[in-house]
Amino acid sequence: MLHGKLSKVPTHLAIIMDGNGRWAKARMLQRIIGHQRGVETVKRVVEECSNLGIRYLTLFAFSAENWFRPKTEVKALMLLLKHYIIAETKRMVEDNIRFQVIGNRPELPADVLHHLDEASRVTAGNSGMTLTLALSYGARQEIAAAVRRIAHEVAAGRIAPDEINDTSFAGFLDTSHMPDPDFLIRTSGEMRISNFLLWQLAYTELYFTEKNWPDFDRDELMKALVHYQSRERRFGKTSDQVKGRI
Ligand code: FPP
């Protein structure tokens, strides 16, 4: 219904999928049921975004801090992730979606990593939407790792300290080959960034919805995207400058 109204979609959409636990709790269900429903939302949103022509979709699926959740929940989330990736790889190939992972990969279980790598490998040549899962991801850790890599380059004499600037720095982040997100959606009414893409979100338009992730349906996505269209992105300039009046 709202579909026809979309004249511009973000090139890069990032989403903090939040509220699976609260969705389940409100229904007196186990948290893992909320995560299961969350996976169904992931499938729908990936398909919608790909159909809408969004070039990059980045989903915060498991944070560096999520390892501190109860062991049973962590285990169940890793199992869900494995099943998701096994089931969806074929569809990603069919839908021309390129899949990749950002985050601290060595912390992930070996079998999960194997299937993630397989999905990345078989979709590497695809030219449609790039789907990125942030797993065991923390932005401060990503920035610290980039600094470490740069320090090694400087110590080896391959980079001069004066060559380091915001553009060259971005080349050392996990997202070096992607544009920064244009639009960030966070579900469940929380208004925080929670250590997600801190560097990359500098000029991103932020959108918060009360809906829990399992309830984030097509209409909610469209509502968010219609909202994005109405935002004027100024990147520090004046409105007149952006509109070409000056
Ligand atoms: C936040 O809900 C969600 C997560 C920590 C994980 C998100 C995971 C999924 C949507 C499923 C797995 C993902 C893929 C791609 C297979 P919460 O548990 O923090 O909810 P709460 O704040 O209400 O407790």
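Note: the structure precedes this text.
Residues numbered from 1 in each chain as written. Predicted model: local features only at pLDDT ≥ 70, side-chain atom pairs only at ≥ 80, totals over all residues. Heavy atoms only, no water.

A. The packing of helix α2 (residues 31-52) against helix α7 (residues 218-230), seen in detail. α7 packs onto α2 with a crossing angle of 45° between their chain directions and a minimal axis gap of 10 Å. Regarding the angle of α2 to α7, the classification is oblique. The crossing of α2 and α7 is right-handed. From α2, E48, C49 and L52 reach across to α7, where they touch R218, L221, M222 and L225. (Axes fitted to C-alpha atoms, helices over the stretch in contact; angles between N-to-C directions. Helix = DSSP H or I, 4+ residues; strand = E, 2+ residues; numbered from the N terminus. Parallel < 35°, antiparallel > 145°, perpendicular 65-115°, else oblique. Left-handed = near helix turned anticlockwise from the far one by under 90°. Contact = heavy atoms within 4.5 Å.)

B. Region of interest: the side chain of N195. Its location among the elements puts N195 in the loop between β5 (183-186) and β6 (205-208). In this structure N195 comes out as buried when scored by relative accessible area, which is 14%. There is a polar contact of 3.2 Å between the side chain of N195 and the side chain of E65. Beyond its immediate stretch of four places on either side in the chain, N195 contacts F60, E65, Y137, G138, A139, R140 and Q141. (Buried < 20%, exposed > 50% of the residue type's maximum accessible area, 1.4 Å probe, protein only. Polar contact = N/O pair within 3.5 Å; in protein donor to acceptor, adjacent residues only side chain to side chain.)

C. Spotlight on the side chain of E48. Along the chain, E48 turns up in helix α2. Looking at E48, the relative accessible area reads 18%, which means it is buried. Among residues more than four places away in sequence, those in contact with E48 are R218, L221 and M222.

D. Seen up close, the environment of I86. Within the secondary structure, I86 is located in helix α3 (residues 71-94). On the basis of relative accessibility, which here comes to 45%, the residue I86 falls in the partly exposed class. When the C-alpha positions of I86 and E118 are compared, they lie 9.2 Å apart, and in sequence the two are 32 residues distant.

E. Geometry of helix α4 (residues 110-123). The end-to-end C-alpha distance of α4 is 20 Å, a good match for the 20 Å that 14 residues give at a rise of 1.5 Å each. Burial in α4 covers these residues: V112, L113, L116, A119 and T123. Down the axis of α4, the buried side of the element spans an arc of 125°, and every buried residue falls inside it. Exposed residues lying more than 90 degrees from the buried face of α4 are A110 and R121. Buried residues in α4 make contact with α3, β3 (98-102) and β4 (130-137). (Expected span 1.5 Å × (residues − 1). Arc of directions from axis to C-beta.)

F. A look at helix α5 (residues 139-155). Between its first and last C-alpha atoms α5 spans 24 Å; for 17 residues at 1.5 Å apiece the expected length is 24 Å, and the two agree. Of all the positions in α5, only A139, E142, A145, A146 and I150 are classed as buried. Looking straight down α5, one finds that the buried residues subtend no more than 135° of arc, so they occupy a single side. Turned more than 90 degrees from where α5 packs its buried face, R140, R148, H152 and A155 sit exposed. Looking at the buried positions of α5, the neighbouring elements they touch are β4 and α6 (166-170). Phi turns positive, to about 80°, at G157, one or two residues after α5.

G. Highlighting the pattern of salt bridges. The tally for this structure, following the rule as stated, stands at 18 salt bridges. A salt bridge links R186 to D18; the shortest N-O distance between them is 2.9 Å. Taken as a pair, R186 in strand β5 and D18 in the loop between β1 (12-16) and α1 (20-26) lie far apart in primary sequence, 168 residues in all. In this pair, the class of R186 matches that of D18, namely buried. In this structure, R22 engages E190 in a salt bridge whose closest nitrogen and oxygen atoms are separated by 3.0 Å. Note that R22 is positioned in helix α1 and E190 in the loop between β5 and β6, a separation of 168 residues in sequence. Among the residues examined, E190 registers a relative accessible area of 23% and is labelled partly exposed. Look at the salt bridges and you will find they share partners, linking D18, R22, R186, E190 and R192 into a network. (Salt bridge = Lys/Arg side-chain N within 4 Å of Asp/Glu carboxyl O.)

H. View of the environment of T89. With respect to the helices and strands, the residue T89 is situated in helix α3. Considered as a pair, T89 and A119 are 30 residues apart in the sequence and their alpha carbons are 5.6 Å apart. Filtering out sequence-adjacent residues up to four positions away, T89 remains in contact with A119 and V122.

I. Representation of unusual backbone geometry. With phi around 50°, S136 is a residue other than glycine that occupies positive phi space. Mapped onto the elements, S136 comes out in strand β4. Here L197, not a glycine, exhibits a phi torsion of approximately 45°, which is positive. Here L197 lies in the loop between β5 and β6. With relative accessibility at 1%, the residue L197 sits in the buried group.

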